[in-house]
Amino acid sequence: MLIFINNKNGVPIYEQIYSQIKSQIISGQLEEDAPLPSIRNLAKDLRISVITTKRAYEELEKDGFIYTAPAKGSFVAKKNTELLREENLRQIESHLEEVIRLSAECNLRKEDILSMLNILYEEE
């Protein structure tokens, strides 16, 4: 499991850890029941606070991406297809909001955007 921390981008470190682990789980790089590094080991490897790592793991667990077994550690949770679908829907909505913003800047109509989308679907 690779995690890169960027101290210059303004995103809190725990969010960077959260999003990178979540991305690796969703993409299948981290498989179901795969063990995650211990909170202490990950903190040591990344040279960050244990509290920061713990917060990332707590958020991942709260959102259903990992589970913790007492005295054993944290593991990748079974993929919840409904959870993944919701995550994908959130990302699509975010991208569509950006499309709407950009189209307004260049005076594109909704019909123009739909036409572009239809063309892209045909190319698939």
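Use the structure listed above.
Fair warning: this is a prediction, and the values are worked out from it, not measured in the lab.

Asks: Mind laying out helix H2 (residues 39-46), listing which residues take part and the relevant values?
Replies: By the burial criterion, the buried members of H2 are Leu42, Ala43 and Leu46. An end-on view of H2 places all buried positions within 100° of arc, on one side of the element. Of the exposed residues in H2, those oriented more than 90 degrees away from the buried face are Arg40, Lys44 and Asp45. Positive backbone phi, approximately 60°, marks arginine 47, located one or two places after H2.

Asks: So what's going on with the pattern of salt bridges? Residues and values would help.
Replies: A pair can form between side chains of opposite charge whenever their charged atoms are brought close. Counted according to the given criterion, the structure contains five salt bridges. Taking the shortest distance from any N to any O, the salt bridge between arginine 101 and glutamate 105 comes out at 2.4 Å. Of the two residues, arginine 101 and glutamate 105 are both situated in helix H4 (residues 81-105); the distance of four residues between them amounts to about one turn of the helix. Exposure remark for arginine 101: the relative accessible area of 39% places this residue in the partly exposed category. Each of Glu98, Arg101 and Glu105 takes part in one network of salt bridges that share partners.

Asks: With reference to specific residues and values, describe a nonpolar patch on the surface.
Replies: On the surface, Leu89, Ile92, Leu96 and Val99 cluster together into a nonpolar patch covering about 300 Å² of accessible area. Note on isoleucine 92: relative accessible area 46%, which makes it partly exposed.

Asks: Got a sec to walk through the pairing of strand S2 (residues 73-76)? Specific residues and values, please.
Replies: Taken together, the four bridges between strand S1 (residues 66-69) and S2 define a ladder with antiparallel strand orientation. Its bridge partner lying in S2, threonine 68 is registered against serine 74. If you look at the hairpin formed by S1 and S2, you'll find three residues sitting between the two strands, and alanine 71 has a positive phi there, around 65°.

Asks: Can you lay out the nonpolar core for me, pointing to particular residues and giving the numbers?
Replies: Of all hydrophobic cores here, the largest spans 20 residues; its most connected members are Ile17, Ile21, Ile25, Phe65 and Ile66. At the level of elements, helix H1 (13-27), H2 and helix H3 (50-62) are the ones that each hand at least two residues to this core. With five residues, the top contributor of residues to this core is H1.

Asks: Pulling in residues and values, what's your account of the packing of aromatic side chains?
Replies: All chains considered together, the criterion is met by one aromatic pair. A centroid spacing of 5.6 Å and a plane angle of 25° characterise the contact between tyrosine 67 and phenylalanine 75, whose relative ring orientation is stacked. Sitting over the ring of tyrosine 14, arginine 55 keeps its end group 3.7 Å from the ring centre.

Asks: Requested: an account of the environment of isoleucine 3, with residues and values cited.
Replies: Its location among the elements puts isoleucine 3 in the segment before H1. If we skip the residues at most four places from it in the chain, isoleucine 3 touches Ile17, Gln20, Ile21, Leu42 and Leu46.

What counts and how
Residues numbered from 1 in each chain as written. Predicted model: local features only at pLDDT ≥ 70, side-chain atom pairs only at ≥ 80, totals over all residues. Heavy atoms only, no water. Buried < 20%, exposed > 50% of the residue type's maximum accessible area, 1.4 Å probe, protein only. Helix = DSSP H or I, 4+ residues; strand = E, 2+ residues; numbered from the N terminus. Arc of directions from axis to C-beta. Salt bridge = Lys/Arg side-chain N within 4 Å of Asp/Glu carboxyl O. Patch = residues over 30% accessible without salt bridge, like charges linked within 9 Å, V, L, I, M, F, W, Y side chains within 5 Å. Areas by Shrake-Rupley, 256 points an atom, 1.4 Å probe, with all protein chains shown as cover. Pairing = 2+ DSSP bridges. Core = buried A, V, L, I, M, F, W, Y, C linked by side-chain atoms within 4.5 Å. Phe/Tyr/Trp six-rings, centres within 6.5 Å; stacked < 30°, edge-to-face > 60°. Lys NZ or Arg CZ within 6 Å of the ring centre and 35° of its normal. Contact = heavy atoms within 4.5 Å.

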